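Results of the structural survey
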Amino acid sequence: MTIAIVGAGLGGLALARVLHVNGIDSVVYERETSRDARGQGGMLDIHSGQRALREAGLIERFFEIARGEGQDMRLLQPDGTLLLQEDTPEDAPLDRPEVDRADLRNLLLDSLPAGVVRWGRAFESAGDGVLRLADGSSAPYDLLVGADGAHSRVRALLTDARPEHIGQNVVEVGIPDVDRTHPGLATMVGRGNYWVLGDGMSLAAQRNGDGRMRIGVSFYHTGEDWFATSAIPFDDPAAARARLIELLSGWDSRFTALIEACDDTVVPRSIFTLPIGLTWASKPDVTLVGDAAHLMPPVGEGANMALLDGALLGLALAARPGDFPAAIEEYEREMFDRTGAAARMSADMQELLMSPDAAQKLLAFFQPG
Ligand SMILES: Cc1cc2nc3c(=O)[nH]c(=O)nc-3n(C[C@H](O)[C@H](O)[C@H](O)COP(=O)(O)OP(=O)(O)OC[C@H]3O[C@@H](n4cnc5c(N)ncnc54)[C@H](O)[C@@H]3O)c2cc1C
């Protein structure tokens, strides 16, 4: 049986790895031309997804690249008031450690035999057991798994659902080598998550594995076309930083100092989600894992669910090597329940972040009673 996986993100690679440790071959078709063809994003906190890494035989190596101190948290108001500071003790269990997405992806990539991932092979369409790629080539499959992320093309084989904008637009900026270049700002942000929640706006800062501090400034209740009307000149980084500072008017100067220290990488990111509790009628030869199946607000569940999807689909296929359609149905039943619950929880957290008084509400969330 030929298993074709589209997308070498966390979900697709977890699936390929769990199949491999269970003696089943697969091929992963990835659009990007190499593992570092583009930046691989920031930090992820991995909690329930640790089970997937255990099934993949990679949990020990995961703990070597995970950062326990990344669990630290500071919550502030725009006027500079520190509402909450939680520092992780040295001997704290690694329940929700942070890991650099690139490091985690490399761990999975390095655990696969050479040639499993076919780089520079973008999926275009599929049908009747034949996969068609953008370079004009084609390949046969018995089972096709869409692991092709938020804007999946494989998804259309199963459902008409499309991601919808949720009224959040993020401008991503960053400070390279922050400990050396801006030690004062590095100390202010600390080792983990640094959140400033204002009315309709937030700033989140976090140090990455490579020493870069990534900063995301979010604008809530903004439409899909907001970047076009925001007057942020993305082609002129200095002017873009100046405009961001203008948009943060009234915020404490410590926060605008973070923006002033950023380099010239200024990236717009619009946030989309799929409908909560999306399901489809099972098909015998195609399914989805990860964001392709259940794109959620970015509040810490998506990567964990993608890892779990990949591992659990791999285990289901390994348990029923002669009956892939039954394995897919079993996988989808569990996945719809689990990820529906995670999507609901994520939507609640997103609503809290977008609400007036978000800082106080988040404080109450972390310190109930
Ligand atoms: C470059 C990048 C950076 C990210 N940074 C962050 C971050 O900083 N914080 C965060 O919370 N989340 C980030 N994410 C999203 C996060 O990784 C996912 O939400 C989560 O891990 C779910 O994983 P996934 O495997 O479903 O999808 P993804 O991790 O998005 O992987 C999907 C893969 O499919 C490939 N692909 C897409 N279309 C095709 C096609 N037609 N043919 C072949 N391959 C295709 C993509 O190139 C990608 O490698 C990032 C994703 C990417 C791709």
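Computed from a predicted structure; not experimentally measured.

1. A closer look at the site of the ligand
Near the ligand you find 29 residues, and of these Glu30, Gly42, Arg101, Phe123 and Asp291 are the closest. Gly42 is positioned with one of its backbone polar atoms (N or O) 2.6 Å from an oxygen atom of the ligand. Taking Phe123, its main chain carries an N or O atom lying 2.9 Å from a nitrogen atom of the ligand. Considering the ligand on its own, with 920 Å² of exposed area, one finds that the protein chains cover 85% of that surface. Split by residue class, the shell around the ligand holds 10 nonpolar, 9 polar and 10 charged.

2. Some points on the environment of Gly190
Mapped onto the secondary structure, Gly190 falls in the loop between helix H6 (183–189) and strand S13 (193–197). Residue classification places Gly190 among the buried positions, given a relative accessible area of 7%. Through-space distance from the C-alpha of Gly190 to that of Arg207 is 8.1 Å; in sequence the pair is 17 residues apart. Beyond its immediate chain neighbours, meaning those up to four positions away, Gly190 contacts Arg74 and Arg207.

3. Examining the packing of helix H1 (residues 10–21) against helix H11 (residues 302–319)
Packed helix pairs are specified by the crossing angle of their axes together with the interaxial distance, meaning the distance between the axes. Relative to each other, H1 and H11 sit at 30°, their axes nearing to 7 Å. Taken together, H1 and H11 sit at an angle that is classed as roughly parallel. When you trace H1 past H11, the crossing you get is right-handed. In contact with Leu10, Gly11, Ala14, Leu15, Val18 and Leu19 of H1, H11 contributes Ala303, Ala306, Leu307, Gly310, Ala311, Leu313, Gly314, Leu315 and Leu317. Looking at the contact of H1 with H11 residue by residue, the class counts come to 12 nonpolar, 3 polar and no charged.

4. Re the side chain of His47
Checked against the element boundaries, His47 lands in the loop between strand S3 (43–45) and helix H2 (50–55). With a relative accessible area of 14%, His47 lands in the buried category. Apart from residues no more than four positions distant in its own chain, His47 is found in contact with Asp95, Arg96, Gly300, Glu301 and Asn304.

5. Quick notes on the side chain of Arg207
Examined against the element boundaries, Arg207 turns out to sit in strand S14 (residues 201–207). For Arg207, a relative accessible area of 13% translates into the label buried. Among the polar contacts listed, one links the side chain of Arg207 to the backbone oxygen of Gly190, at a separation of 2.8 Å. Ignoring any residue separated from it by four or fewer positions in sequence, one finds Arg207 in contact with Met43, Arg67, Val178, Asp179, Ala186, Gly190, Arg191, Gly192, Arg212 and Met213.

6. Re the UniProt feature "binding site: NADPH" (unreviewed entry) in the chain
Mapped onto the present numbering, the UniProt feature "binding site: NADPH" (unreviewed entry) falls on Arg38. Following the sequence through the fold, Arg38 ends up in the loop between strand S2 (27–29) and S3. Not counting chain neighbours up to four residues away, the residues in contact with Arg38 comprise Arg31 and Glu32.

7. Describing the packing of helix H12 (residues 324–354) against helix H13 (residues 358–366)
Where H12 meets H13, the axes come as close as 7 Å, and the angle between the chain directions of the two elements is 140°. If you check the angle between H12 and H13, you find them oblique. Here Met349, Leu352 and Leu353 of H12 lie close against H13, whose contacting residues are Ala358, Lys361, Leu362 and Phe365.

How each quantity is defined
Residues numbered from 1 in each chain as written. Predicted model: local features only at pLDDT ≥ 70, side-chain atom pairs only at ≥ 80, totals over all residues. Heavy atoms only, no water. Near = heavy atom within 4 Å. Polar contact = N/O pair within 3.5 Å; in protein donor to acceptor, adjacent residues only side chain to side chain. Areas by Shrake-Rupley, 256 points an atom, 1.4 Å probe, with all protein chains shown as cover. Nonpolar A, V, L, I, M, F, W, Y, C, P; charged D, E, K, R; others polar. Helix = DSSP H or I, 4+ residues; strand = E, 2+ residues; numbered from the N terminus. Buried < 20%, exposed > 50% of the residue type's maximum accessible area, 1.4 Å probe, protein only. Contact = heavy atoms within 4.5 Å. Axes fitted to C-alpha atoms, helices over the stretch in contact; angles between N-to-C directions. Parallel < 35°, antiparallel > 145°, perpendicular 65-115°, else oblique. Left-handed = near helix turned anticlockwise from the far one by under 90°. UniProt positions renumbered as here; feature names shortened; annotations may be inferred.

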